[in-house]
Amino acid sequence: MNRFRLLSSLIVIILIFSFFSECSIASSSQSNNKTVYLIVINRYTLQDIDNMPNLRKIIDEGSIGLMNTRGLYNYKGSESFLTINSSKKAYSTYESAETYNLNKENREIYERRISPITGDSQIANVNLNRIIELNKENSYMPHIGALGDSLHNSGLKTAMYGNGDTLEDTIRASSLIAIDSKGLIDYGNVDNILIEDKNFPYGFRTDYDKLLSEVNNIKNKASLVVIDTGDLDRLNFYSEELTDEMFEKHRINILNKIDGFIGNLKNSIDKDKSLFIITSPNSGEDRVDNSKLSPIILWGNNISKSILYSPTTKREGLVTNIDIAPSVAKFLGTSTEYMSGNTMIYKENNDNFNLISTNNSRINIISKSRFYILSTYSILSIIVILFAMLVLATNMKLKGILYNILSISLIIIGVIPLSLILTSVIKWTNYTSYIISLITILFLLVLIIYKIKGIDKVLLISSLLYGVLVLDVFLGGKLTRYSVLGHDPAIGARYFGLGNEMIGVFLGATSVFLGICINKNRNKVFSFVLLIFSAIIVGHPKLGANVGGSIAVLFFVLYFLAETFNKKISFKRILTIGLATVVFILAMAFVDIKFNSNPTHLGRTIMMTNNEGNLMIMSIAIRKLLMNIKLVGSSMWTKVLNVNLISQIVIIFILKDKLRDLFNENKYIYVGFISGIVGSIIGFLANDSGIILASIAVTLINISFISKLVEYIIEEQN
């Protein structure tokens, strides 16, 4: 097949994928008489809703989802509140969130520290400069006060009521949601909103009657009203002083008060002109539910019973804290400039609460099992590879029990990733059923593959992995949604497409699968089409959407083609491959920006680079480099990669004659293996957790390499 046909196939496939469309039922409505009420019930959980009948009724009439609460570093504290406002990961402390009513004294402090106040603002953050300093080195480059600026630039007003103060500390984190870039809020009361009550932690609580009265007084003036109910925060700070019984009693009492306030506020506003956003910017109370995801509820204008969805996550029932500001701006018809999130969308579902509860349980199980299961896989991989190296290096006779143990061990390591993917499809809802499902699927796969006679087991495993992953990409991740190899929404590093674990599986399986395919049938045209197809589905913004993974897979593809056409690998040719990779990434970025109504990280990065200069690219590169350095130094995957590389060196050194004969007779198996390793090296360098990608890919390549060598040795012995 000539180069023209290759190029033509590439162009056709790109054009086909470029016309994938995405539907959105979110609508924009510009009107200055609308109001958003953002009610903060910090640290509430899905379980708490059972004690809140008014809130449950709102869910029955509105939309509910799970929200990733991560700020720049953590899921607790004030940074998530600031992240909501800036719609980018930001960092702050409770000290930097100190906001006060603007009396004479506080005005003087503010003007001495920040700047003169020219308008009629009632509330100000007197420590704004601390927030600015804390985010100077923030590689996400948040625009502090993006939401407040968006409203003020359109002539709309903001308001803030309530606090989470304790006897010891001033807790005003919720004010960070409403401030503009000057730290100012138009209306509100954050100082005089508490009332004595000996039945509550610290002996006082939020005065909900006063809160309701003051909010109603400005509902025709302010377009964004942030309300901090405060009392669950106070309970959290007081928690260590309480027995379980008293903690539960206080919590139910607080939830009843908050629920009554929500019901009264709901009855006092015009639904057609209002939007309720009820959320916890922090993850829930650990003594109730240690999930890192928190409930978020929307009710109001044009919202029916539904679950939330966001183009940021591309996953039904899941949104992020950076999606709140764009959703507020969209509802009020203001600008989303400087915001990196997307508008939340409502997808009708008559069983919304139960669906979200089930999803939360499954996400928590996977999130908490992830480290242990992947660590177990890492350790098993090391043991099997060292065992195989020992057997081959000492020239043990490959027959009987020894051969069976080695064969089954290699099959297990190859099949575990497939088992971890397929287990996601089963409807387990607790740890026990999850582990039973995983073990059952693994046992059945190993048994079937081991028992099948007259078939290339390496080809079968690699083709199954390749086929399942390709199918999953086109299904939007439905097969890997609840897999430890998939995305962890609690971490929030990635929500859709192929993550680094899956890219590692995909790269390893593809290099082995296509190498054996060409070697067996010599049909280069079919295999070359699959090579190009593989690069596109990893890089296409509506499919794999993984930039670092695209670079790794494209290097693998181009190196594979160069070896196939017997092109000498030189420094100049490596530069050519690198240039082709850059062109490919830019082509995917063009497709993302041109044809995608909600561009992915790649498209948004290119657009933001156009606005903010090369500093954006540099900050991303530094962030990825630092993450790689951190993981290389501490991750179990480093040991896996080292063991794989050492085993290959030992086997090559000791069995070089047999390997030379094997690869002389099976050129394309060698091409597949070596190209996959090249892609793994590039993947390690191009990704912020590239060590994971490289280790998984090299493990799958290495066990295939060992399996093929074992087959060859047995044939020689016979």
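Residues numbered from 1 in each chain as written. Predicted model: local features only at pLDDT ≥ 70, side-chain atom pairs only at ≥ 80, totals over all residues. Heavy atoms only, no water.

What follows is about the overall build of the chain. Helix and strand counts for the chain stand at 24 helices and 15 strands. Burial status across the chain gives 59% buried among its 718 residues. Within the chain, counting contacts between residues at least 6 apart in sequence, those at least 24 apart form 77% of the total. Roughly 29700 Å² of accessible area belongs to the chain as shown, and the carbon and sulfur atoms make up 57% of that amount. (Helix = DSSP H or I, 4+ residues; strand = E, 2+ residues; numbered from the N terminus. Buried < 20%, exposed > 50% of the residue type's maximum accessible area, 1.4 Å probe, protein only. Contact = heavy atoms within 4.5 Å. Areas by Shrake-Rupley, 256 points an atom, 1.4 Å probe, with all protein chains shown as cover.)

The next point concerns the environment of Lys 257. Tracing the backbone shows Lys 257 in helix α9 (residues 244-268). Between the alpha carbons of Lys 257 and Arg 205 there is a distance of 9.8 Å; along the sequence they are 52 residues apart. Residues within four places of Lys 257 in sequence aside, it is in contact with Phe 200, Arg 205 and Tyr 208.

Our next topic: α9. For α9, with 25 residues, the first-to-last C-alpha span of 36 Å sits near the 36 Å given by 1.5 Å per residue. For α9, the complete set of buried residues consists of Phe 247, His 250, Arg 251, Ile 254, Leu 255, Ile 258, Asp 259, Phe 261, Ile 262, Gly 263, Leu 265 and Lys 266. (Expected span 1.5 Å × (residues − 1).)

Moving on to the nonpolar core. Counting 150 residues, the largest nonpolar core has Ile 262, Leu 265, Phe 276 and Ile 278 as the members making the most contacts within it. The greatest single-element share of this core, amounting to 17 residues, is contributed by helix α24 (residues 690-717). Apart from residues no more than four positions distant in its own chain, Ile 262 is found in contact with Ile 39, Ile 41, Leu 55, Ile 58, Phe 276 and Ile 278. (Core = buried A, V, L, I, M, F, W, Y, C linked by side-chain atoms within 4.5 Å.)

Attention now goes to the sheet that holds strand β3 (residues 99-101). The sheet built from three strands is open, its strands ordered β3-β4-β6 with antiparallel pairing. Each end of this open sheet is capped by a strand with a single partner; those strands are β3 and β6 (184-185). Inspection of the sheet shows strand β4 (residues 123-125) paired to β6 by two bridges, in the antiparallel sense. Considered in β6, the bridge of Ile 123 is made with Ile 185. (Pairing = 2+ DSSP bridges.)

This part is about the pattern of salt bridges. If you walk through the whole model with that rule in mind, you get 18 salt bridges. The partner of Glu 316 in a salt bridge is Lys 347, with the nearest N and O atoms 3.9 Å apart. With Glu 316 in the loop between β13 (306-309) and β14 (318-320) and Lys 347 in strand β15 (residues 345-348), the pair connects residues that are 31 residues apart, well separated along the chain. What makes Glu 316 partly exposed here is its relative accessible area of 41%. Under the relative-accessibility criterion, Lys 347 is labelled partly exposed at 29%. (Salt bridge = Lys/Arg side-chain N within 4 Å of Asp/Glu carboxyl O.)

The next point concerns unusual backbone geometry. Positive phi outside glycine occurs at Tyr 202, with the angle close to 70 degrees. Considering the arrangement of structural elements, one finds Tyr 202 in the loop between β8 (194-196) and β9 (204-206). For Tyr 338, which is not glycine, the phi dihedral falls at a positive 75 degrees. Assignment of secondary structure puts Tyr 338 in the loop between α10 (324-332) and β15. Relative accessible area serves as the criterion here: at 40%, Tyr 338 is assigned to the partly exposed category.

The next subject is the packing of helix α15 (residues 500-521) against helix α17 (residues 547-564). Their axes nearest at 10 Å, the elements α15 and α17 cross at an angle of 15 degrees. When the axis of α15 is compared with that of α17, the two are roughly parallel. By crossing handedness, the relation of α15 to α17 is classed as right-handed. On α17, the residues touching Ile 503, Phe 506, Leu 507, Thr 510, Ser 511, Leu 514, Gly 515 and Ile 518 of α15 are Gly 549, Val 553, Phe 556 and Phe 560. (Axes fitted to C-alpha atoms, helices over the stretch in contact; angles between N-to-C directions. Parallel < 35°, antiparallel > 145°, perpendicular 65-115°, else oblique. Left-handed = near helix turned anticlockwise from the far one by under 90°.)

Time to look at the packing of aromatic side chains. Enumeration according to the criterion identifies 18 aromatic pairs in this entry. With a centroid separation of 5.3 Å and an interplanar angle of 55 degrees, the aromatic rings of Phe 663 and Tyr 670 are classed as tilted. Residue Phe 663 is classed as buried on the basis of its relative accessible area of 16%. Three or more aromatic residues joined by ring pairs form one cluster here, namely Phe 663, Tyr 670, Phe 673 and Phe 705. Note that Arg 287 overlies the ring of Phe 247, its terminal NZ or CZ placed 4.3 Å from the centroid. (Phe/Tyr/Trp six-rings, centres within 6.5 Å; stacked < 30°, edge-to-face > 60°. Lys NZ or Arg CZ within 6 Å of the ring centre and 35° of its normal.)

As a further point, take a negative patch on the surface. Residues Glu 95, Glu 168, Asp 169, Glu 240 and Glu 241 make up a contiguous surface patch of negative charge. Its place among the elements puts Asp 169 in the loop between β5 (158-161) and β6. (Patch = residues over 30% accessible without salt bridge, like charges linked within 9 Å, V, L, I, M, F, W, Y side chains within 5 Å. Lys, Arg positive; Asp, Glu negative; His and termini not counted. Charge placed at Lys NZ, Arg CZ, Asp CG, Glu CD.)

Of all eight residues in strand β12 (residues 293-300), eight are buried; the element is thus mostly enclosed. Alternating residues of β12 divide into Leu 293, Pro 295, Ile 297 and Trp 299 and Ser 294, Ile 296, Leu 298 and Gly 300, and every residue in both groups is buried. Summarising the sheet, strand β11 (residues 274-279) and β12 pair through five bridges and their orientation is antiparallel. Directly across from Phe 276, in β12, lies its bridge partner Trp 299.

Next up on the list: the side chain of Thr 320. Along the chain, the position of Thr 320 falls in strand β14. We classify Thr 320 as buried; its relative accessible area is 3%. Not counting the four nearest positions on each side in its chain, Thr 320 is found in contact with Met 67, Asn 68, Thr 312, Thr 313 and Tyr 495.

Next up on the list: the pairing of β13. Strand direction decides the pairing type here: strand β2 (residues 63-68) and β13, joined by two bridges, are parallel. Within β13, the position partnered with Ile 64 by the bridge is Ile 307. In this sheet, β15 lies alongside β13 in antiparallel orientation, the contact comprising four bridges. The partner of Ser 306 across the bridge, within β15, is Glu 348.

Note that Thr 243 resides in the loop between α8 (231-238) and α9. A residue is classified by how much of its surface remains accessible, and Thr 243, at 48% relative accessible area, is partly exposed. Among the polar contacts listed, one links the side chain of Thr 243 to the backbone nitrogen of Met 246, at a separation of 3.2 Å. (Polar contact = N/O pair within 3.5 Å; in protein donor to acceptor, adjacent residues only side chain to side chain.)

A few words on the side chain of Ser 86. On the secondary structure map, Ser 86 appears in helix α3 (residues 79-86). Given a relative accessible area of 0%, Ser 86 falls into the buried group. Within polar-contact distance, the side chain of Ser 86 engages the backbone oxygen of Lys 88 at 2.9 Å. Ignoring anything within four residues of it in the chain, the contact list for Ser 86 reads Pro 142, His 143, Ala 146, Tyr 338 and Met 339.

Moving on to the confidence of the model for the chain. In the predicted model, the chain carries a mean pLDDT of 86, and 86% of its residues have values of at least 70. Note on residues 1-8: pLDDT is under 50 here. Beyond four places in sequence and across chains, it has seven contacts. In this model, residues 10-31 is a region of pLDDT below 50 whose contacts with residues beyond four sequence positions or in other chains number 42 contacts. (pLDDT = per-residue confidence, 0-100.)

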